[in-house]
Structure formats: C-alpha cells, structure tokens
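So the chains spell out like this:
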Amino acid sequence: MFIVILLVSLVSSINAASIVSRSQFYPLSQPAVLGPQTRITIGNKVIAPDGFERSATLVNGVYPGPLIAAQKGDNFAIEVVNELRDESMFKSTSVHWHGIFQNGTNYADGTSFVTQCPIAQNHSFLHSFSAPNQAGTFWYHSHYSCDGLRGPLVIYDPDDPLAYMYDVDDASTVITLSDWYHVVAPVLRHIIGTTANSTLINGLGRYAGGPMSELAVISVEQGKRYRMRLVSMSCDPNFYFSIDGHNLTVIEADGQLTEPLLVDELRIFAGQRYSVVLVADKPVDNYWVRNLPDLVNASFTGGTNSAILRYKGAPNADPTTVNTKSQNPLLETNLHALINPGAPGTPGYGNADINLDLSVTNIDGTFYVNNNPFNPPTVPVLLQILSGAQDASQLFPNGSVIVLEANKVVELTLSTTGPGGPHPIHLHGHAFDVVQSAGSKAFNYVNPVRRDVVSAGSGGDRMVIRWTTDNSGPWFLHCHIDWHLDAGFAVVMAESPSDTRAHLNPVPQEWDQLCPIFRSLSPSQLGGGGRKSYEEAASITTLLFPPSPLAHHSLN
C-alpha cells in the first residue's frame, strides 16, 4: 500500500451542510472551454456538489475541471501550476492525459513515479505533446486523487466519418459521470472497501438523506440529433447509464470510432468513455437521466444518481418519467472498430509474438499481480531507463516491471480471483483490441472493439487484449479503481528500454528538475494529514490496512 499524492480535499466539516443557493458554487452558464495551449491551476476550494460542504482539489476552482478542446492535429502545451494549500491532503500533484498515446513524449504522460516525479507545491510543469492521429473523447486526472482533480478533454475531427449522424457536438454535450466522497482521500485510502457518498452528473447530484440539491440539466431541442460524449471519471463504481424514453446509438469507445450500435443502456466502467447519438424526437418534456452505480442499495430515490434531460419549451420541473427495465443493453462483444478493424498479429489464442498471463489476487485488501503488489519506486521508471537500466532485473519496483521487445504483437490475458471486481484495466500509451471480453467464451480477432479501458470482470473471469509495441517507454497497466491501484493493482510495461532515449523528443530541462525539487520537500510540505489521517480512518471503521509511514514515494 502506498501513499497517494494529490488526493485532495479536506473535510471542512464532517456534518452535512445544506446549501441555500447552489449557484454560488456552480454558475448555471457553461464553464469556460480551454484550448490545447493553456495553463491550469491546481488548488483547494470548498464546494458542495451534492449539498455537503467539503474542501476539494480543483482545476481552476471548478468541478469537474474545465473542458480542454482541440482539433485533430493540434499541438498541446498545458502548464500545470500547483497552488495546493490544504494540509489534510497531499500537496504535490501530477496530471495524466488519459487516452493520449504520448508517442515520443512518455515524459509528458503525467504518471508519478512511472514517467515523472510529482509537481511540488508552488511549482509548475509544462506538458508539451501532440496527438497527430487521434480524435475522440478523452479526459485528464491525477492518479490516486478522488478529491476532484479530473476533467474532460476532447479532440474534434473536422472530417469525422460519422458526422452525418448528429447535428450538435459541443461543450454542452460533454457529460461527465463521477462518484463523490464526503471524506478526504488520504483518510479513505486507509480503509479496505470504501464506498462513495453520491453520484454526480456534470458535477451535480444528491446523496441519500441529504438536501434536494440542484441537479444537472442537459438541454436539447426537439428534432435535433446530439453527440453526447459520456466520460466516466469514477474513482470506483461502474455505472448503468440511460435516458428515460430514448435509445442511444454508440459511435465511439475510448477515442476509437465504432460501427454504430443501438442500445437503451450502457454499463460504463471507471475511465471509459462513449459517444452516443441521442435523437430528440420525443414530446417536449423533462426526462430522467439515470446513472446508477453498481453499489449496494443504490436507487433513484429523491433524485439521487440522476440528472434531467430538458427539451426546449419544457417547464423547469423535475421529470415524472418512469424507469423501465433495459431491453437492449450494451454488450461489449457487439461493439466493433470502424477504422481498420482487426486485432494485430496471427489470429488465434496464444499466437502473438509475446503472450503474457497476469493473475491478480486480493489478500486482505492488497492486490498482487503475479504475486507482486505494486509499490511505487523512489526513482521514476523512465528516469531509471534514461540512466541506463535496460533489463527487468535492473528495473524497480522488482517484479512489477515487464520488459517488452520493440514492434512485437503482445497478447495479454488477465484473470482475477478474490473480492473487489469487476476491475477496469487501463493501459497507458496505447489502445488495444479486446479479443475476449470478460464473461464471454468467444474470441474475436476479425473486428473486436478497440479501446483503452476494459473490464477484467470479477473473480474467476478473464479478458484478453492485443496491441503492438510501437511506442518505446514505460507504460502503466493498472486497475482504474483508484483504491485498488493504491492497494497494489498495477504493473509497468517497459517497451524496448534500449530504444527509449532515441525514441523520445528531447526531454525538457524542467522534467529533470522535478525529482530534485520533490525530494527536498519536508513531510509538512507533502501534506496528506500525516498520522491524523489514519486516526480519522480508524474512527470510521476497523477495516483498515496496516498503517504506513508517509514516504517520499507517494503517488498522485
């Protein structure tokens, strides 16, 4: 188990506080949209997205963070400025640009202790990268931060081959889905099996027994077709998403176009994104948007786990529509890549150049991948490689770095046992083809879905994916449930370490300074509540991990 570094948020008050006017926290107008060359400031602020006041770690003072929008082919230059102050939370940070391949810019991937040291308080780092052949729905977040540092990122394609299917695709059709906690993450990370207090849609929601807080309103006009970009920024639960009375046509999964697929409900795992086309062809009215978390006792009582789809001309009122059982839910095996379909390599299980088998077990809350829990190294893996380490025996953490040869087809089988599933698995630096989905016995090498987060299912299930090692550098493979990653569910795929220095663009001098600055920090400069966080966790439950000292290899 290791320390999380930017897990922000301070519980200003453990008692629920009703909000008289929610607009003081969330203006009703559309938040500003940032371009690909911008500055974002990470700081602390008290918010109440579900009616409960608490301090959070936010981007530019808002939750979710502002949409970063670009056009296909744009170059990104995003300066991350750390102005964190809250003592109850970690005060160093990093930002990962989820789904961006970072080909040639592994140092800009934003993964603490894999590709960089965290950004210290009162310092900044400029992430310069390009995504020349990518378009679609992405997001940004800080690893191990369930306190608010997360937001959407969209790369628009002016030549989108599916543009004929929709009329509207802008900031108003980006829909973020997230869980929310009333206790700060540095406390919750000590607890085995923590549970979210509420679900937020576009940053608003209600919790059971709480005030009737404002809900998000998604506005549509009858007769128009909308590309809704769903972004699961969840720290833990997967969601069942639907809109009363409306079908949805899936056209994208995780930045990859799919053959259009009509569904009436989507199960969305942490880190996944879908674009769905909604046709506003129903009577002018209000309709419930439902986003049920896969948690015990979750419901829609009192407007929890909900938002409102409001047709132009409908009254400003809660919907009265009724929830009905899904008749046509999304099945991952029904999704097929639209562009260049087909998994790489020779078809057939076990016929790749490199065939890997990872077995994940859960013992007393700690996750072991092939018998090794991931403990972040004191020196980032990329820095180890640039300093001359080449073989798995030279790379740390020992047993958690898998070295892969260049330009090979990898077939990875991942199976899980024990509690905690289903587990969403994310690979940095690539999209992969899902040749076998969890819960399915069938293989598909001809036209499987291509994406970057896939469910590995629950105990006894397995999934099989393929990708090509054409992006030299260390890439994180991990469960996207933040608490599981914090508890060891990760490995590093080090692609052709001997080629990494030549493959990278010149490494910025500012990157070289991140580690010396971070290592000079005192425990008080790291934040995180110290021993108090463990004592607070112990006051909540007895199901705790053993106490671990604040270490400089904390992650974010």
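Thresholds, definitions, all that
- Residues numbered from 1 in each chain as written.
- Predicted model: local features only at pLDDT ≥ 70, side-chain atom pairs only at ≥ 80, totals over all residues.
- Heavy atoms only, no water.
- Helix = DSSP H or I, 4+ residues; strand = E, 2+ residues; numbered from the N terminus.
- Rg over C-alpha atoms; globule rule 2.2 N^0.38 Å.
- Contact = heavy atoms within 4.5 Å.
- Areas by Shrake-Rupley, 256 points an atom, 1.4 Å probe, with all protein chains shown as cover.
- Lys, Arg positive; Asp, Glu negative; His and termini not counted.
- Charge placed at Lys NZ, Arg CZ, Asp CG, Glu CD.
- Salt bridge = Lys/Arg side-chain N within 4 Å of Asp/Glu carboxyl O.
- Buried < 20%, exposed > 50% of the residue type's maximum accessible area, 1.4 Å probe, protein only.
- Disulfide = S-S within 2.5 Å.
- pLDDT = per-residue confidence, 0-100.
- Pairing = 2+ DSSP bridges.
- Arc of directions from axis to C-beta.
- Polar contact = N/O pair within 3.5 Å; in protein donor to acceptor, adjacent residues only side chain to side chain.
- Axes fitted to C-alpha atoms, helices over the stretch in contact; angles between N-to-C directions.
- Phe/Tyr/Trp six-rings, centres within 6.5 Å; stacked < 30°, edge-to-face > 60°.
- Lys NZ or Arg CZ within 6 Å of the ring centre and 35° of its normal.

### Regarding the overall build of the protein chain
Across its full length, the protein chain carries seven helices and 30 strands. Over its C-alpha trace the protein chain gives a radius of gyration of 22 Å, about what one expects of a compact globule, namely 24 Å for 556 residues. Across its three principal directions, the C-alpha atoms of the protein chain cover 65 × 55 × 45 Å. Contacts in the protein chain between residues at least 24 apart in sequence constitute 78% of all its contacts with a sequence separation of at least 6. With the model as given, the accessible surface of the protein chain reaches about 20000 Å², and the carbon-plus-sulfur share is 50%. Charge-centre separation for the protein chain: the mean point of 31 positive side chains lies 3 Å from the mean point of 48 negative side chains.

### Thoughts on the pattern of salt bridges
Across all of its chains, the model carries 21 salt bridges by this definition. Asp 160 is paired through a salt bridge with Arg 227; the nearest N and O atoms lie 2.9 Å apart. Pair noted here: Asp 160 is in the loop between strand E8 (150–156) and strand E9 (174–180) and Arg 227 is in strand E12 (residues 225–232), with a separation of 67 residues, a long-range link. The partner of Glu 411 in a salt bridge is Arg 466, with the nearest N and O atoms 2.7 Å apart. Remark: Arg 466 occurs in strand E28 (residues 462–468) and Glu 411 occurs in strand E23 (residues 409–416); sequence separation between them is 55 residues. You'll find Glu 411 and Arg 466 in the same group, each marked buried. Where salt bridges share partners, they join Asp 160, Asp 169, Arg 227, Arg 229 and Glu 252 into one cluster.

### Section: the state of the cysteines
Each disulfide consists of a covalent bond between the sulfur atoms of two cysteine residues. As enumerated under the stated definition, the model contains two disulfides in all. The disulfide bridge from Cys 117 ends at Cys 515, spanning 2.1 Å between sulfur atoms. Its S-S torsion of approximately 90 degrees makes the covalent link between Cys 117 and Cys 515 right-handed. Of this pair, Cys 117 sits in the loop between strand E5 (96–98) and strand E6 (124–130) while Cys 515 sits in helix H5 (residues 509–519), and the two are 398 residues apart along the sequence. As far as burial versus exposure is concerned, Cys 117 and Cys 515 are alike and both buried.

### Some points on unusual backbone geometry
Residues Tyr 63 and Pro 64 are joined by a peptide bond in cis, for which omega reads -10 degrees. Checked against the element boundaries, Pro 64 lands in the loop between strand E2 (54–59) and strand E3 (68–71). At the junction of Phe 396 and Pro 397, the peptide bond is cis and its omega measures out at 5 degrees in the coordinates. Along the chain, Pro 397 turns up in the loop between helix H2 (381–386) and strand E22 (401–404).

### Comments concerning the confidence of the model for the protein chain
Chain-level statistics for the protein chain give a pLDDT mean of 92 and a share of 93% at 70 or above. Contacts from residues 1–29, a stretch scored under 50 in pLDDT, to residues over four places away or in other chains number 133 contacts. Counting interchain partners and residues more than four positions distant, the pLDDT-below-50 stretch residues 550–556 has 41 contacts.

### Some thoughts on the sheet that holds strand E26 (residues 450–451)
As summarised here, the arrangement of the six strands in space is E21-E20-E23-E28-E25-E26, forming an open sheet in which the pairing is mixed. Since the sheet does not close on itself, it has two edges, and those belong to strand E21 (366–369) and E26, each with one partner. The pairing of strand E25 (residues 432–436) with E28 spans three bridges and is classified as antiparallel. In the sheet register, Asp 433 faces E28, and the bridge partner there is Arg 466.

### Digging into helix H7 (residues 531–540)
Within H7 the residues assigned to the buried category are Ser 533, Tyr 534 and Ala 537. End-on view of H7: buried residues confined to an arc of 95 degrees, all on one side of the axis. Opposite its buried face, H7 presents the exposed residues Arg 531, Lys 532 and Ser 539, each directed more than 90 degrees away. For H7, the secondary structure elements touched by its buried residues are helix H1 (185–188).

### Looking at the pairing of strand E14 (residues 248–253)
Taken across its six residues, E14 has six buried, putting it largely inside the fold. Here E14 folds back onto strand E15 (residues 256–263), and the loop between the two strands holds two residues, one of which, Asp 254, carries a positive phi near 55 degrees. Pairing of E14 with strand E17 (residues 273–279) involves four bridges; the strand directions are antiparallel. Counted as the bridge partner of Thr 249 is Val 277 from E17.

### Points about the side chain of Ser 142
Residue placement: Ser 142 occurs in the loop between strand E7 (136–141) and E8. Engagement of the side chain of Ser 142 in a polar contact is seen with the backbone oxygen of Ser 94, the distance being 3.0 Å.

### Section: the sheet that holds E5
Pairing is mixed in the open sheet, where four strands are placed in the order E3-E8-E7-E5. Edge positions in the sheet fall to E3 and E5, since each has one partner strand and no second. For this sheet, the mean angle separating the axes of adjacent strands, direction not counted, is 25 degrees. With four bridges joining them, E3 and E8 adopt parallel strand pairing. The residue bridging Ala 69 from the neighbouring strand is Val 154, located in E8.

### Things to note about the packing of aromatic side chains
Each aromatic ring pair is specified by the distance between its two centres and by the angle formed by the two planes. Going through the model one piece at a time under the given rule, you end up with 12 aromatic pairs. With centroids separated by 5.5 Å and ring planes inclined at 55 degrees, the aromatic side chains of Tyr 287 and Tyr 311 adopt a geometry described as tilted. Taken together, the residues span a long stretch of sequence, with Tyr 287 in strand E18 (residues 286–293) and Tyr 311 in strand E19 (residues 306–311) at a distance of 24 residues. Above the plane of the ring of Trp 180 lies Arg 54, whose end atom (NZ or CZ) is 5.1 Å from the centre. One residue, Arg 290, lies across the ring of Phe 300, its end atom 4.7 Å from the ring centre.

### What to know about the side chain of Thr 111
Position of Thr 111 among the secondary structure elements: in the loop between E5 and E6. Apart from residues no more than four positions distant in its own chain, Thr 111 is found in contact with His 96, Gln 116, His 143, His 428 and Phe 476.

### Topic: H5
Buried residues of H5: Trp 511, Leu 514, Cys 515 and Phe 518, and no others. The buried residues of H5 occupy an angular sector of 80 degrees when the element is viewed end-on, so they sit on one face.

### Comments concerning the pairing of E7
In terms of burial, E7 is largely enclosed, as six of its six residues are buried. Alignment of E7 against E8, held across six bridges, turns out to be antiparallel. Following the sheet pairing, His 141 is matched in E8 by Arg 150.

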